[in-house]
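# Structural overview
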Amino acid sequence: MPTAARTRVLTYLGLTLLFSCVFYALILHAGSLGAGGGRYVTGIMWCPALAAFATCAWRGKDVRELGWGWGEGRWQWASYLLPLGYAFVAYLIVWLAGWGGFPNWEVVPRLAKGFGWMGLRPSLVLVGYVLVTASVGLVSSLATALGEEIGWRGFLVPELMPHLGFTRTALLSGIIWAAWHVPILVGADYNNGTPTWYGLTCFAVLVVAISFPFAWMRMRSGSLWTAALLHASHNLFVQAVFTPLTSARGRITPYAIDEFGFALPLVAVGVALYFWRRRGEVETGAATA
């Protein structure tokens, strides 16, 4: 990698860590991601974007190169639907194997009260919740996911790609992305009730694996919005739909579901292999739109 590119990458990573330490400290002191009404999480998710903007200003990179163009609509739709697809496959395996149940009727009273749907049939409450979450919920999820993706896929991936190629870029960006989460995985409550080592391992495999479609879609579309939609859709469907709507079936359930269980990482590895096999389509692709 040329010296100028290496300097930009190292500057970006250093600034991301520096900015993130403020929110690491706040979250770890509180011991919970819910502290500050969720504002600490929003803050830390925007640290990669702040680092990208600062690096561009400091190292003379045009911020317009981050990929602000919307690109072809098909890539945005694909980015929204892909996490729904791999999450559905993973949870379907869990349900069919008996490692978790569907639906989780115990959450219905809470959902009905929260949405003002008392008196509706439980099945209608669940359908309504999924529809509202998958549509309106995307807006709030995108608002936070965008902060990370301006940095990870807007700045970092296109900076690495011309020099490292697709495979090493996807792997390295995924490892960095996973490592960035470690402090809150180890020191806060970002887990699903499994031992820290287990949850951390499953999470790391998942994040590195989905970095392949994230990087591929970013480079193929030339738009950082694909990565932002992928990230927002992943958080939305995994954290707000499939996990809470899956009921416990003994002690194995937390070991199987969510980002800290084995089902999602296994399916994600398959998805990663699919995009890796198509790496030739982006090896010489444009990085901006």
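Residues numbered from 1 in each chain as written. Predicted model: local features only at pLDDT ≥ 70, side-chain atom pairs only at ≥ 80, totals over all residues. Heavy atoms only, no water.

Turning next to the environment of Val-63. With respect to the secondary-structure elements, Val-63 resides in the loop between helix 3 (47–59) and helix 4 (73–97). When the C-alpha atoms of Val-63 and Ala-52 are compared, they prove to be 8.4 Å apart, with eleven residues separating the residues in sequence. (Helix = DSSP H or I, 4+ residues; strand = E, 2+ residues; numbered from the N terminus.)

For the chain, the mean per-residue pLDDT works out to 95, and 98% of the residues sit at or above 70. By mean pLDDT, the top-scoring element of the chain is helix 10 (residues 263–277) (98), and the lowest-scoring one is helix 5 (residues 108–115) (94). Here residues 285–289 is modelled with pLDDT under 50, and outside its nearest four sequence neighbours on either side it reaches 17 contacts, counting other chains as well. (pLDDT = per-residue confidence, 0-100. Contact = heavy atoms within 4.5 Å.)

Soluble globular proteins tend to pack their nonpolar side chains together in the buried interior. Ranked by internal contacts, the top residues of the largest apolar core, which has 84 residues, are Tyr-91, Phe-166 and Leu-264. The leading source of residues in this core is helix 6 (residues 122–187), at 22 residues. When residues no more than four places from it in sequence are discounted, the contact partners of Tyr-91 are Val-238, Phe-242, Thr-243, Thr-246, Ile-257, Asp-258 and Leu-264. (Core = buried A, V, L, I, M, F, W, Y, C linked by side-chain atoms within 4.5 Å. Buried < 20%, exposed > 50% of the residue type's maximum accessible area, 1.4 Å probe, protein only.)

Further remarks concern a nonpolar patch on the surface. Among the surface-exposed residues, Phe-88, Val-89, Leu-92, Ile-93 and Leu-96 lie close enough to one another that they form a single nonpolar patch of about 450 Å² accessible area. Tracing the backbone through its elements, the reader meets Phe-88 in helix 4. Exposure remark for Phe-88: the relative accessible area of 39% places this residue in the partly exposed category. (Patch = residues over 30% accessible without salt bridge, like charges linked within 9 Å, V, L, I, M, F, W, Y side chains within 5 Å. Areas by Shrake-Rupley, 256 points an atom, 1.4 Å probe, with all protein chains shown as cover. Salt bridge = Lys/Arg side-chain N within 4 Å of Asp/Glu carboxyl O.)

Glancing now at the environment of Leu-146. When you line up the elements, Leu-146 lands in helix 6. Judged by its relative accessible area of 12%, Leu-146 falls in the buried class. Separated by 82 residues in the primary sequence, Leu-146 and Ala-228 have C-alpha atoms spaced 5.0 Å apart. Apart from residues no more than four positions distant in its own chain, Leu-146 is found in contact with Trp-46, Leu-224, Trp-225 and Ala-228.

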